[in-house]
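Spelled out, the chains give:
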Amino acid sequence: MVGAVAGAAKLVFCGTPRFAVPTLEALLAAGYEIALTVTQPDRPVGRTQQVTASPVKQTALAAGLAVTQPEKIRNNAEFRAQLESILPDVIVVVAYGRIIPAWMLALPRLGCINLHASLLPKYRGAAPIQWAVAMGETVTGNTTMLLEEGLDTGPILLQQTLPIAQDQTAADLFDKLASCGAPLMVETLSGLINGTIHPHPQNHSRATLAPILLREDGRMDFAAHTATELKNRWRGFQPWPGAFTTLGSKKLIVHRMEAAGSSILVAPAVAKPGQIYVENCRLLVACKGNTWLELLEVQLEGKKRLAAAEFLRGNQLAAHTRLG
């Protein structure tokens, strides 16, 4: 039954990173004809800056699929002619990394279907997984939607929820959402083809944004955030931009941390945000709302990564030292 339904639709798949690979593999397993895979050009990767094909390209070539890698798509006449010659029934978009132009949105009879890693209308934008964790959400999920010209504003097709564990990072959640989203896309396409799924509009008044991450998002602002909020931001900003502050004139990266809560034996009655307090080889810092954050593992600029106790043995911190 799935094969018969799948055979009735010709697809173009647009995607680039590892997040998109499970959906591409699921569509192939379901028997869909993928006439073309569209992915971003090969890019330099890592410290060696070796030019590397995207995970989607690698998967597509291994499956014998046709691949194209246009640098730009909005006014690309050659790319437009290529898609128009295919005349796909649907274009599936998963983390492609390019805004889909109006001509492309209008091309397939079933529309351009996107898998977005949030419960829309919350966390529209480039980094929904990271911001959901950073904002302390306990539940997130995936949404399949019809793309339109607005940023993640299109009608919703299906949604699924996924809990966020208290110590889970965005990096942990990434693979779970990718693997769960793949069968959701297959179910969505089957329902669209059969006429059993119908799009419904988003409640735009409840929309929140998840903009692309910047390096400065990792800077710890002890006056603006409580200890729990800073821990959540660290969880959300893994593996990049992480969490960092300054000690004197040097950058201090915080690799592990925990909200101290009531575990502090004797804390200063009044402490300014960023003020350090050392207790039994524990490194604590005052945050907004008279909360305390324990820094468990740190790395001073130019030095190696150390557990807090080892760091304190090698660095004498004066009373009332402040971070940031």
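To start, this report covers the structure provided alongside it. (Residues numbered from 1 in each chain as written. Predicted model: local features only at pLDDT ≥ 70, side-chain atom pairs only at ≥ 80, totals over all residues. Heavy atoms only, no water.)

With that settled, consider the overall build of the chain. Each helix and strand in the chain was counted, giving nine helices and 15 strands. A principal-axis box enclosing the C-alpha atoms of the chain has dimensions of 70 × 40 × 35 Å. Expressed as a percentage of the 324 residues in the chain, the buried residues total 50%. In the chain, of all internal contacts separated by at least 6 residues, the share reaching a separation of at least 24 is 66%. Carbon and sulfur atoms form 54% of the exposed surface of the chain, whose accessible area is close to 15,700 Å². In the chain, the 30 positive side-chain charges and the 25 negative ones have mean positions that sit 6 Å from each other. (Helix = DSSP H or I, 4+ residues; strand = E, 2+ residues; numbered from the N terminus. Buried < 20%, exposed > 50% of the residue type's maximum accessible area, 1.4 Å probe, protein only. Contact = heavy atoms within 4.5 Å. Areas by Shrake-Rupley, 256 points an atom, 1.4 Å probe, with all protein chains shown as cover. Lys, Arg positive; Asp, Glu negative; His and termini not counted. Charge placed at Lys NZ, Arg CZ, Asp CG, Glu CD.)

One pass over the structure, following the stated rule, counts 14 salt bridges. With a shortest N-O distance of 2.7 Å, arginine 109 and aspartate 89 are connected by a salt bridge. Of the two residues, arginine 109 is situated in the loop between helix 5 (102–105) and strand 7 (112–116) and aspartate 89 in the loop between helix 4 (77–86) and strand 6 (90–94); the sequence distance between them amounts to 20 residues. Judged by relative accessible area, aspartate 89 falls into the buried class, the value being 15%. Its salt-bridge partner being aspartate 167, residue lysine 231 comes within 3.4 Å of it at the nearest N-O pair. You can see lysine 231 sitting in helix 8 (residues 227–236) and its partner aspartate 167 sitting in the loop between strand 9 (156–163) and helix 7 (170–194), a full 64 residues away along the chain. By relative accessible area, which is 53% here, aspartate 167 ends up exposed. Put simply, Arg43, Glu71 and Arg98 are held in one network by salt bridges that share partners. (Salt bridge = Lys/Arg side-chain N within 4 Å of Asp/Glu carboxyl O.)

Take the nonpolar core next. With 40 residues, the main nonpolar core has Leu11, Phe13, Phe19, Leu27, Val92, Ile113 and Leu189 as its most contacted residues. If one sorts the elements of this core by residue count, helix 7 sits on top with ten residues. With residues near it in sequence (within four places) discarded, valine 92 still touches Leu11, Val12, Phe13, Cys14, Leu27, Ile113, Met185 and Leu189. With 23 residues, the next largest nonpolar core counts Phe222, Val254, Met257 and Leu323 among its residues. (Core = buried A, V, L, I, M, F, W, Y, C linked by side-chain atoms within 4.5 Å.)

Our next topic: the sheet that holds strand 2 (residues 33–38). The strand order across the open sheet built from seven strands is 5-2-1-6-7-8-9, with neighbouring strands paired in mixed fashion. Edge positions in the open sheet fall to strand 5 (67–68) and strand 9, since each of these has one partner strand only. Here strand 6 pairs with strand 7 via three bridges, running parallel. Residue valine 93 lies in a different strand from strand 7, and its bridge partner there is asparagine 114. Running at roughly 175° to strand 2, helix 4 makes contact with strand 1 (10–15), strand 2, strand 5 and strand 6 of the sheet. Lying on the sheet, helix 7 is in contact with strand 1, strand 6, strand 7, strand 8 (139–146) and strand 9; it crosses strand 9 at an angle near 150°. (Pairing = 2+ DSSP bridges. Axes fitted to C-alpha atoms, helices over the stretch in contact; angles between N-to-C directions.)

Attention now goes to helix 4. Inspection of helix 4 places Phe79, Leu83 and Ile86 among the buried residues, and these make up the whole buried set. Buried residues of helix 4, seen end-on, are gathered within an arc of 60° and therefore sit on one face of the element. Seen from the open side of helix 4, the exposed residues pointing more than 90 degrees away from its buried face are Ala77, Glu78 and Ser85. With a side-chain oxygen lying 3.2 Å from the backbone nitrogen of glutamate 78, the N-terminal cap of helix 4 falls on asparagine 76. In the segment just after helix 4, leucine 87 is the residue with positive phi, at about 50°. (Arc of directions from axis to C-beta. Polar contact = N/O pair within 3.5 Å; in protein donor to acceptor, adjacent residues only side chain to side chain.)

A few words on the pairing of strand 1. The element strand 1 is extensively covered by neighbouring structure, given that five of its six residues are classed as buried. Two elements, strand 1 and strand 2, share five bridges in a ladder whose sense is parallel. Residue pairing across strands places phenylalanine 13 opposite threonine 37, the latter belonging to strand 2. A crossover links strand 1 with its parallel partner strand 2, the connecting element being helix 2 (residues 21–29), and its sense is right-handed. Bridging between strand 1 and strand 6 involves five bridges; their strand directions are parallel. Looking across to strand 6, one finds that glycine 15 is bridged to valine 94. (Right-handed = clockwise from strand over helix to strand, strands pointing away.)

Let us look at the pairing of strand 2. As judged from the two bridges shared by strand 2 and strand 5, these two strands associate in the parallel manner. Opposite valine 38, over in strand 5, you have threonine 68 as the bridge partner.

Purely geometric stuff here, so don't read any function into it on its own.
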